[in-house]
Number of protein chains: 6
Amino acid sequence: MRPSGRNFDQLRDVSIETGVSKYAEGSCLIKFGDTHVICTATVEDKVPGWMRNSGKGWITAEYGMLPRATDSRMQREAARGGQSGRTQEIQRLIGRSIRAVADLKGMGEMQMRLDCDVIQADGGTRTASITGAYVAAHLAFQGVRRLGLIKEIPLTQPVAAISCGIYQGEAVLDLDYAEDSNAGADANFVLAGNGGIVEVQATAEDVPFDRSAYDRMFELAEKGCKELFAKQRAAIGL
Amino acid sequence: MRPSGRNFDQLRDVSIETGVSKYAEGSCLIKFGDTHVICTATVEDKVPGWMRNSGKGWITAEYGMLPRATDSRMQREAARGGQSGRTQEIQRLIGRSIRAVADLKGMGEMQMRLDCDVIQADGGTRTASITGAYVAAHLAFQGVRRLGLIKEIPLTQPVAAISCGIYQGEAVLDLDYAEDSNAGADANFVLAGNGGIVEVQATAEDVPFDRSAYDRMFELAEKGCKELFAKQRAAIGL
Amino acid sequence: MRPSGRNFDQLRDVSIETGVSKYAEGSCLIKFGDTHVICTATVEDKVPGWMRNSGKGWITAEYGMLPRATDSRMQREAARGGQSGRTQEIQRLIGRSIRAVADLKGMGEMQMRLDCDVIQADGGTRTASITGAYVAAHLAFQGVRRLGLIKEIPLTQPVAAISCGIYQGEAVLDLDYAEDSNAGADANFVLAGNGGIVEVQATAEDVPFDRSAYDRMFELAEKGCKELFAKQRAAIGL
Amino acid sequence: MRPSGRNFDQLRDVSIETGVSKYAEGSCLIKFGDTHVICTATVEDKVPGWMRNSGKGWITAEYGMLPRATDSRMQREAARGGQSGRTQEIQRLIGRSIRAVADLKGMGEMQMRLDCDVIQADGGTRTASITGAYVAAHLAFQGVRRLGLIKEIPLTQPVAAISCGIYQGEAVLDLDYAEDSNAGADANFVLAGNGGIVEVQATAEDVPFDRSAYDRMFELAEKGCKELFAKQRAAIGL
Amino acid sequence: MRPSGRNFDQLRDVSIETGVSKYAEGSCLIKFGDTHVICTATVEDKVPGWMRNSGKGWITAEYGMLPRATDSRMQREAARGGQSGRTQEIQRLIGRSIRAVADLKGMGEMQMRLDCDVIQADGGTRTASITGAYVAAHLAFQGVRRLGLIKEIPLTQPVAAISCGIYQGEAVLDLDYAEDSNAGADANFVLAGNGGIVEVQATAEDVPFDRSAYDRMFELAEKGCKELFAKQRAAIGL
Amino acid sequence: MRPSGRNFDQLRDVSIETGVSKYAEGSCLIKFGDTHVICTATVEDKVPGWMRNSGKGWITAEYGMLPRATDSRMQREAARGGQSGRTQEIQRLIGRSIRAVADLKGMGEMQMRLDCDVIQADGGTRTASITGAYVAAHLAFQGVRRLGLIKEIPLTQPVAAISCGIYQGEAVLDLDYAEDSNAGADANFVLAGNGGIVEVQATAEDVPFDRSAYDRMFELAEKGCKELFAKQRAAIGL
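Each value, and the rule that gives it
- Residues numbered from 1 in each chain as written.
- Chains lettered and ligands numbered in written order.
- Predicted model: local features only at pLDDT ≥ 70, side-chain atom pairs only at ≥ 80, totals over all residues.
- Heavy atoms only, no water.
- Pairing = 2+ DSSP bridges.
- Helix = DSSP H or I, 4+ residues; strand = E, 2+ residues; numbered from the N terminus.
- Axes fitted to C-alpha atoms, helices over the stretch in contact; angles between N-to-C directions.
- Contact = heavy atoms within 4.5 Å.
- Buried area = accessible area lost by both parts, 1.4 Å probe.
- Salt bridge = Lys/Arg side-chain N within 4 Å of Asp/Glu carboxyl O.
- Polar contact = N/O pair within 3.5 Å; in protein donor to acceptor, adjacent residues only side chain to side chain.
- Least-squares fit on C-alpha atoms with pLDDT ≥ 70 in both.
- Buried < 20%, exposed > 50% of the residue type's maximum accessible area, 1.4 Å probe, protein only.

### Focus on the sheet that holds strand S7 (residues 170-173) of chain B
For step 1, the next point in the chain: Spatially, eight strands are ordered S7(B)-S6(B)-S8(B)-S9(B)-S9(C)-S8(C)-S6(C)-S7(C) in an open sheet, and the strand pairing comes out antiparallel. Looking at the sheet topology across the chains shown, the edges are occupied by S7 of chain B together with strand S7 (170-173) of chain C. This sheet shows a mean twist of 15° between the axes of neighbouring strands, independent of strand direction.
For step 2, the next point in the chain: Across five bridges, the pairing between strand S9 (residues 197-204) of chain B and strand S9 (residues 197-204) of chain C is antiparallel. Each bridged residue has a counterpart across the sheet, and for B:Gln201 the counterpart in S9(C) is C:Gln201.
For step 3, the next point in the chain: Running at roughly 150° to S9(B), helix H2 (residues 85-99) of chain B makes contact with strand S6 (159-167), strand S8 (185-192) and S9 of chain B together with S9 of chain C of the sheet.
For step 4, the next point in the chain: Together, S9 of chain B together with strand S6 (159-167), strand S8 (185-192) and S9 of chain C form the strand contacts of helix H2 (residues 85-99) of chain C, whose direction differs from that of S9(C) by roughly 150°.

### Let's talk about the interface of chain A and chain D
For step 1, the next point in the chain: Each partner contributes to the interface: chain A provides 29 residues, whereas chain D provides 29 residues.
For step 2, the next point in the chain: Summed over both sides, the interface of chain A with chain D buries roughly 2,400 Å², with 48% coming from carbon and sulfur.
For step 3, the next point in the chain: Where chain A packs against chain D, one counts four salt bridges.
For step 4, the next point in the chain: In this structure, A:Glu89 engages D:Arg92 in a salt bridge whose closest nitrogen and oxygen atoms are separated by 3.0 Å.
For step 5, the next point in the chain: Counting the contacts that link chain A with chain D gives 15 residue pairs in polar contact (both at pLDDT 80 or more).
For step 6, the next point in the chain: Of all elements in the fold, only helix H2 (85-99), strand S9 (197-204) and helix H6 (211-236) of chain A reach the threshold of two or more residues within the side of chain A that touches chain D.

### Regarding the relation of the copies chain A and chain D
For step 1, the next point in the chain: With an axial shift of 0.0 Å and an RMSD of 0.0 Å, the rotation relating chain A to chain D amounts to 180°. Expressed as a symmetry operation, the mapping of one chain copy onto the other fits a two-fold axis. For chain A, the minimum C-alpha distance to the rotation axis belongs to A:Gln201 and amounts to 2.3 Å.
For step 2, the next point in the chain: The overlap is high: 100% of the interface residues of chain A also sit at the interface in chain D, so the same surface is used on both sides.

### Description of the pattern of salt bridges
For step 1, the next point in the chain: One pass over the structure, following the stated rule, counts 120 salt bridges over all chains.
For step 2, the next point in the chain: Of the charged contacts in the structure, one is a salt bridge between A:Arg96 and A:Glu199, with a shortest N-O distance of 2.6 Å. On the criterion of sequence distance, the pair formed by A:Arg96 in helix H2 and A:Glu199 in strand S9 is long-range, its members being 103 residues apart.
For step 3, the next point in the chain: Taking the relative accessible area as the measure of exposure, A:Arg96 reaches 21% and is therefore partly exposed.
For step 4, the next point in the chain: By relative accessible area, which is 2% here, A:Glu199 ends up buried.
For step 5, the next point in the chain: In this structure, a network of salt bridges that share partners links the residues A:Arg2, A:Arg6, A:Arg12, A:Asp34, A:Asp122, A:Asp174, A:Asp176, A:Glu179 and B:Lys22.

### Comments concerning the environment of B:Arg92
Residues and elements named next belong to chain B.
For step 1, the next point in the chain: For Arg 92, the position within the fold is in helix H2.
For step 2, the next point in the chain: Residue classification places Arg 92 among the partly exposed residues on the basis of a relative accessible area of 32%.
For step 3, the next point in the chain: Along the backbone, Arg 92 and Arg 145 are 53 residues apart, and their C-alpha atoms lie at a distance of 27 Å.

### Observations regarding the interface of chain A and chain B
For step 1, the next point in the chain: Counting from both sides, the interface comprises 36 residues of chain A and, opposite them, 36 residues of chain B.
For step 2, the next point in the chain: When chain A packs against chain B, the two sides together hide about 2,800 Å² of surface, and 48% of this comes from carbon and sulfur.
For step 3, the next point in the chain: Counting every contact that joins chain A to chain B gives 16 salt bridges.
For step 4, the next point in the chain: B:Glu62 is the salt-bridge partner of A:Arg73, the closest N and O atoms lying 3.1 Å from each other.

Here is the structure:
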């Protein structure tokens, strides 16, 4: 029995509200239950120095959390003087995930910056961030296409992410915080629309877990991402 | 003629939505037109070291902005390694403003941390932050009172803040960004419910301005704060 | 009765000694009683990157305090790894104040850096800094004019600053530390030679203060600045 | 054909030299071909503050690289003012990996610090670090046992790590740098002696990869770790 | 011929003005020609954590320079985020020098902090700092003795410092900046009142220098320090 | 009697193993007894900005220590956010020492970076670093000459360094840690092949020491450096 009463293979309620920023080229507020993330995509007409004259674009991501996004207040990263290792790890993952489905040549020399800011956290902030960042990126590219700067949206396929875990011996989909803090294993799957693997991060919590548990989590993730792809399609108007 | 079509003495649409955080002891989303700020109040049962055994409480504030809260993306303060001088200046102002109407003795040895995070910025982020922080603080104190830890809300009176400026030679109330970036003077008034002055910061933009302009701005601010006090009362259920 | 025995509208002894630096283009040691500040002006022949090719100059200021300028030693800012929020707030104020009376176009593409270093502090360090920075700037511009690089001193009028407060219920001029730490309100006025307002920062200490107290402080400030303008004129040889 | 001429399922030459530090409680120099890492284990008799009086021990890890461990010199992290995101990500992984096979209760209130310093890097520095850190930890615990402070080595089973990748369409074991920089996918497997999964991190490089490629890499990793467990056993004298 | 017209064995004009700080327990303004340093001594009644319950005191020093102490303005160390290697090297030297003539046991558990702030620099700032720091320390200890907290001044003998160099092939005493920037060797001698060596730092500038040059510099330094000891005695009233 | 049983004028066993890095243009592992330092030389084809178009090269050095190079583990400098004053002092010394025997003009506009990383420390890390850095630099210049980029090795003569101290009243050569922590004086001599002085740093530990002790240490250093020059010649193949 999961704390939330969900079935083992059931996502939390997922919603994606687009156009939440007056300024950003693309934006959405994505909710995985009580986990709420604002994702914005900023388009800049120049790439980092090391890519100049490569004819290719670049996509990068940053991640943050409001100090009271969590049950007990966390110290503000700007106040303590830098981003934690965890923050940097997550934002590197978001960037890699979107780049894995991007056609950097098709972008031309343009940079996209994705900002994922967690307003409220109840587990799964990195998976919600990746799933929402894809939507923000797509919306921003739609705008760039409307301006005639590109002909095709330079995203080859969708990408979404979901967590799975072993909770009380059973593989379950989309951990919330209550489950996450008691899970025997915790895995994040970033999957592409064609079923391909973009990234997998699986971690034993207390003791190593076996291959069959891993395989059950993988199947749940494939089911969950299919549902997320549908939400994404609706949000970006496809 | 103001860019927004408002009268010289007209606030933008102001709304205060309370209870926006699942976790914070008090919270609201305050909007001054397109300026949106999430304010949360966190209650902690211990004060900073230098206040221990004083029998008094303490209230402190922090301020932040999402990178794409503004028209062009700003660098994330956590990524560049610290808070800017402007950020520190604003959060010190927020803290002083709420403390000026707080009964620190009445709080007992408890600390309240106010976080004001700007989701979208269109001028007036510090005044919206102060106005919303008061609401978040009051709601949090209501919760503390319900727990029986205090008998009275340790806030002696409301406090609100509004900006004024000299725009095209005329004193106007509640500058938005289009006005702010062209104003000849810019003043922030933090006023208490009884009309008392909590803080005034008036700055000439290009050339010094005269006393009568100052006085006209002051009157507009008094009018504006009265309207904000009414919004605050409604939000906190008084 | 003020701790120093001064009348409510009486400045401390003010002196301005010029030419205290062998190297700086302009310099003075300004004393407001026991508050001593060395102000230097450095002229550089290039402006910050964002102003290049604007045909305009720029003026910026930095502020510091020797660790034992105060009664109990403060930690050295260079040793603790950065400037405090208070320091940044003050140096931004000094820069804005001098720029408000500067003709940036008349400067041409030249940058002036003003350094205000407090050797001894007894209240009013920011007002002494602004008042002395104007003198250092003027002296440096005199030297630039002697070199034939400019025809006119690009300062449209003098600027000076003084603090006022409510001490034991009465408005008093030019707070020293003994008063400042017990004042019910504290206001810094930066006024121009023509009586115009450059900046006002008024802060209630414990409880909000009323408009009439504010007005009395304003009048004292106007009187004080007039006396400071006379000291400045003598120092710069006008 | 692999650049090194190895078979697709062949590790580089692996050696583990123990006792390389005069001071550390446990130490080894581990080589995966041209990747050389010094691993030391330091035992401290107190745990971090948040664990005090828990009756449990703690294990933590740090990772570094000499500036010229790589083909082109990298900036020294101490000189640029902090550890990169990549460094933090790796050292967090090393710590989690060893803790997953540790009996923290069995340690008692003792802390072990593992330092993995890369002297020369040719791909696979994190997997060599984990594999060597286990050896250093075991040797240090042997010393603690000799002192009579613990009865059993508080490590429940061995842990080792190896990378796999898809190189020119084929799954290969233990990527060196020449392969790593051209691989279509890159996966790090941290496996326990009983075959259990401690951590898996799989990343697509350019385009998502499919499940069967993933499965082939997994099998190679299991083969590789078995060989590493044998090297570890020899090194620690079992 | 020296740029200043001095004899090869002639100090610049040296003066030591005491009591320049209203607050510090001991203070002086020391001038070696155009090099001016404010030295203050702060007495604190507790020692650093690692010395507690040792029954001994501690003496430490910090060094700084006003940004425009030099011919071209240097960046403020607090603004660039930390002390340079040169600054740290100098302040460590000052601390060691005074501790070498201090009776730490005789101090009891008390800490003295010496601050040497260079107001104007024309070469020899570290030697002026050491020479002045001794005076400030002695004056502060005199005050502590007057309070009856110690019976004897816990300084076993004086310490002073002077630079020498090889300028145009000849050993000269007390380099000013014009000489220092053209010297073939540069040596700082910290000598005790009894002629003992506290610290010697000799550095070749372009090419190694020979032993006889070294010996000539040493003799000059002994002569110079004798003159400095006399200035110190006068300043501290012995 | 020295703790190690060495004669007062006896070096520890010194060895220099070259070519220890697969990548660096020049490298060695130098051992002074149990003090082990890896020295690498990196050649870059551009100089720092301030030297561009000077026609001259530049040589700079960095120094580091593995956290467990010492008896008790030290905090990693990259983790605590910067290099200590001691580290900066040492790396500045290494750079100056090698530059003192370099023909910067003969280098052409090329930069050499020397990295000295202490793998194990038993006293004398800075002297071993200088002695080894010379070897790494020479080997790297040999490679540059083989490429035909320079005709002559731009090193005018060898440079080596050794420490001396007063241990139990007697001058001794090449202090190890056991001696260093009990020495009454500690001096580091950096000498050139022709006997010239490159740098001398002599420090009294508790009380000033006299000139004759200094002279005895100097003679020991000359003897020690002669032996080190022979080791260097063998290592670089001369």
